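Overview (structure and organization)
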Amino acid sequence: FEVMPEGGTFIVKTKLENGKALISFRDSGPGIPQEIQTKIFTPFFTTKARGTGLGLAVVKKVALRNNAEIVLNSIEGKGTKITLLFNREEKQ
């Protein structure tokens, strides 16, 4: 919501696909510049004047602890989509 102060679209979707649970978050914000996309999950990296840079780093850590992958798709001027793919763990 911080990236769309004048409004926009934010969509959350879930589905099961090939034994994985997918949760996707898509916004119609300004997108993430290509040159920083590899840095956004790094602890303490921020582009904000008042940010700690821990939000997405914590998301990544929690996802990895839960056997999940994170896929980032972002196009400047078009928006961002982040998908969490949770692998089904077999009980033994």
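Residues numbered from 1 in each chain as written. Predicted model: local features only at pLDDT ≥ 70, side-chain atom pairs only at ≥ 80, totals over all residues. Heavy atoms only, no water.

What about the side chain of Gln 37?
We count it as follows: Helix and strand assignments follow DSSP, with helices taken as H or I runs no shorter than four residues and strands as E runs no shorter than two, numbered in order from the N terminus. Contact between two residues is taken to exist if any of their heavy atoms lie within 4.5 Å; hydrogens are not considered.
Mapped onto the elements, Gln 37 comes out in the loop between β2 (20-27) and α1 (55-65). When neighbours within four sequence positions are excluded, Gln 37 is seen to be in contact with Ile 32, Leu 72 and Ser 74.

Observations regarding the side chain of Ser 74
Our working rule: Burial here depends on accessible area, computed with a 1.4 Å probe over protein chains only, as a share of the maximum for the residue type. Under 20% is buried, over 50% is exposed, and the range in between is partly exposed. Under this definition, polar contacts are N or O atom pairs within 3.5 Å; protein pairs additionally need one hydrogen-donor-capable and one acceptor-capable atom, and for neighbouring residues in sequence, both atoms have to be side-chain atoms.
Looking at the element boundaries, Ser 74 is found in strand β3 (residues 68-75). Residue Ser 74 is classed as buried on the basis of its relative accessible area, which comes to 11%. In terms of polar contacts, Ser 74 uses its side chain to reach the backbone carbonyl oxygen of Gly 79, at 3.4 Å. A polar contact of 2.7 Å, which involves the side chain of Ser 74, links it to the side chain of Thr 80. Beyond its immediate stretch of four places on either side in the chain, Ser 74 contacts Gly 31, Ile 32, Gln 37, Gly 79 and Thr 80.

Describing the pairing of strand β4 (residues 79-87)
Here is the rule: For two strands to count as paired, DSSP must find a minimum of two bridges between them.
Sheet topology note: the β2/β4 ladder contains 8 bridges and is antiparallel. Paired with Asp 27 across the bridge in β4 is Thr 80. Across 8 bridges, the pairing between β3 and β4 is antiparallel. Within β4, the residue paired with Ile 75 across the bridge is Gly 79. The antiparallel hairpin formed by β3 and β4 contains 3 residues in its connecting segment, where Gly 77 sits at a positive phi of about 85°.

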